[in-house]
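# Architecture and fold: a report
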Amino acid sequence: MLLKNSLHISHDMVSKVVQPGDAVVDATMGNGNDTLFLAKLVGAEGKVYGFDVQQLALDNTRKRLEDAGVSDRAELILDGHQNIDKYVPAGIKAVMFNLGYLPKGDHNIGTRAETTIAAIEKSMQLLSKEGIVMIVVYYGGDSGFEEKNAVMEYFKTIDCKKYSVLVQDFVNQINCPPIAVCIEKMED
Ligand SMILES: C[S@@+](CC[C@H](N)C(=O)[O-])C[C@H]1O[C@@H](n2cnc3c(N)ncnc32)[C@H](O)[C@@H]1O
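Figured I'd write up the structure that's included with this text. (Residues numbered from 1 in each chain as written. Predicted model: local features only at pLDDT ≥ 70, side-chain atom pairs only at ≥ 80, totals over all residues.)

Turning to the environment of Met13, a few remarks are in order. Here Met13 is to be found in helix α1 (residues 6-17). When neighbours within four sequence positions are excluded, Met13 is seen to be in contact with Ile132, Met134 and Cys182. (Helix = DSSP H or I, 4+ residues; strand = E, 2+ residues; numbered from the N terminus. Contact = placed C-beta atoms within 7 Å.)

All right, on to the sheet that holds strand β5 (residues 127-137) then. Judged by pairing direction, the sheet is mixed, and its seven strands sit side by side in the order β3-β2-β1-β4-β5-β7-β6 without closing on themselves. Because the sheet does not close on itself, it has two edges, and the strands there are β3 (74-78) and β6 (163-168). Looking at each pair of strands side by side, their axes are set apart by 15 degrees on average, direction ignored. Judged from the five bridges that link them, strand β2 (residues 47-52) and β3 form a sheet pairing that is parallel. Note on β3: the bridge partner recorded for Asp52 is Leu78. Each of β1 (23-26), β4 (92-98), β5, β6 and β7 (179-185) touches helix α4 (residues 113-126); the most contacted strand, β5, lies at about 155 degrees to it. (Pairing = 2+ DSSP bridges. Axes fitted to C-alpha atoms, helices over the stretch in contact; angles between N-to-C directions.)

As a further point, take the site of the ligand. Contacts to the ligand come from 22 residues, most closely from Thr28, Gly30, Asn31, Asn33 and Gly80. Among the residues making up the shell around the ligand, the classes are represented as six nonpolar, 14 polar and two charged. (Near = placed C-beta within 6 Å. Nonpolar A, V, L, I, M, F, W, Y, C, P; charged D, E, K, R; others polar.)

On to α4, then. Given a rise of 1.5 Å per residue, 14 residues ought to cover 20 Å, and the 20 Å separating the end C-alpha atoms of α4 matches this to within 8%. When we look at burial in α4, the residues that qualify are Thr116, Ala119, Ile120, Ser123, Met124 and Leu126. Buried residues of α4, viewed axially, fall in a sector of 155 degrees; they line one side. Summarising the geometry of α4, the exposed residues directed more than 90 degrees from the buried face are Glu114 and Gln125. (Expected span 1.5 Å × (residues − 1). Buried ≥ 20, exposed ≤ 12 C-beta atoms within 10 Å, placed from the backbone. Arc of directions from axis to C-beta.)

This is how it looks when you write it as structure tokens:
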């Protein structure tokens, strides 16, 4: 099928911009799927910064990276992504977010509108020219609609002279399919 799901689109977009040697961020490590994906893309000379507020997420991600032999190129940070600017220097090629809660984990420790928007704003400032922030917005169910509604409104307010924002939403599907959002920086 031509139209792929949001996770697929997210990986597709990121793999189009990230080159070996780049510095990138996984803003919501969870079980480390995206951290591992990014670690492979940036190669031995690149760097991945991973954030999560749960020790379990760090432990799971570290194990995934070690099993794949790529843990040396990743820095895993036990802190909220809203503090990204304390750890990550400017010149980042891609920042990935998967909003919501850790699958099979505590559904109460999900991402929140206020901190998510703060983190996205800071991420945009840290991007290099033509770098992207890629967000997969999970909502409905235990996640509810509050964060989704707030971030979707926020995206419309982003300065169109500096950033392009593309939203992929399967508007005729049932059960709140995740929405993929790509923010591209057009100028420094
Ligand atoms: C949908 S899961 C991420 C799934 C992950 N990408 C994967 O591949 O398994 C969302 C994660 O965001 C984390 N999280 C919640 N609030 C956060 C915050 N302020 N900063 C960083 N991570 C946060 C949760 O602990 C959870 O692990």
